[in-house]
Amino acid sequence: MTTLNEIKSVDWQPKINEIGSVVEGMDDIDQCIKIILMTRKGANPHRPEFGSDIWQYIDAPVQEAVPNIIKEAMEAINIWEPRVEIKGITAEINESQITLSIDRQIKSTDIQGTLEVTL
């Protein structure tokens, strides 16, 4: 757990659901990506275009939903998280949940990895 007195990165923000904790570096980017994907476009009245439209495909047939959810996730991340380059997104369906595996790399660095987001 990183606290305010221990921040070493230029990019940081408060950690969601942990009072007094912060995220920085790749953890900061990952938290931002999750916020982008979990926010419906129009939910933020001051930034109505912020977020993603993945929710409009949740009830669609699987063969239609999966490619559209991946496309919407890719577009939203590319627009709202300029610090990262998406290498690929795959989707896994388990009963009523969709898990996106997002392969990403911080731009201009060798830092990369996979983030999983369950919808």
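This one's a predicted model, so the numbers in the text were calculated from it and none came from an experiment.

Thoughts on the overall build of the protein
Here is step 1: Counting its secondary structure elements, the protein contains two helices and six strands.
Here is step 2: Element order for the protein, N to C, with α for helix and β for strand: β-β-β-α-α-β-β-β.
Here is step 3: Taken over the C-alpha trace, the protein has a radius of gyration of 15 Å; the compact-globule value for 119 residues is 14 Å, and the two agree within 12%.
Here is step 4: Going through the 119 residues of the protein one by one, you find that 38% of them count as buried.
Here is step 5: For the protein, the proportion of contacts with a sequence separation of at least 24, taken over those separated by at least 6, is 27%.
Here is step 6: Here the protein displays about 7,500 Å² of accessible surface, and carbon together with sulfur accounts for 50% of that area.
Here is step 7: When the 11 basic and 20 acidic side-chain charges of the protein are each reduced to a single mean position, those positions are 4 Å apart.

Quick word on the pattern of salt bridges
Here is step 1: In total, this model carries seven salt bridges according to the counting rule given.
Here is step 2: Between Asp 28 and Arg 83 there is a salt bridge, with the nearest N and O atoms lying 2.6 Å from each other. Of this pair, Asp 28 sits in helix H1 (residues 26-38) while Arg 83 is found in the loop between helix H2 (62-80) and strand E4 (84-94), placing the two residues 55 residues apart along the sequence.
Here is step 3: Several salt bridges converge on common partners, so that one network encompasses Asp 28, Glu 81 and Arg 83.

Quick look at the packing of aromatic side chains
Here is step 1: What the rule picks out here adds up to one aromatic pair.
Here is step 2: Relative to Trp 80, the ring of Phe 50 lies with its centre 5.1 Å away and its plane at 70 degrees, an arrangement referred to as edge-to-face. In this pair, Phe 50 is assigned in the loop between H1 and H2 and Trp 80 in helix H2, connecting sequence segments 30 residues apart.
Here is step 3: With a relative accessible area of 9%, Phe 50 lands in the buried category.
Here is step 4: Of note, Arg 47 hangs over the ring of Phe 50, and the distance from its end group to the ring centre comes to 4.1 Å.

What counts and what doesn't
Residues numbered from 1 in each chain as written. Predicted model: local features only at pLDDT ≥ 70, side-chain atom pairs only at ≥ 80, totals over all residues. Heavy atoms only, no water. Helix = DSSP H or I, 4+ residues; strand = E, 2+ residues; numbered from the N terminus. Rg over C-alpha atoms; globule rule 2.2 N^0.38 Å. Buried < 20%, exposed > 50% of the residue type's maximum accessible area, 1.4 Å probe, protein only. Contact = heavy atoms within 4.5 Å. Areas by Shrake-Rupley, 256 points an atom, 1.4 Å probe, with all protein chains shown as cover. Lys, Arg positive; Asp, Glu negative; His and termini not counted. Charge placed at Lys NZ, Arg CZ, Asp CG, Glu CD. Salt bridge = Lys/Arg side-chain N within 4 Å of Asp/Glu carboxyl O. Phe/Tyr/Trp six-rings, centres within 6.5 Å; stacked < 30°, edge-to-face > 60°. Lys NZ or Arg CZ within 6 Å of the ring centre and 35° of its normal.

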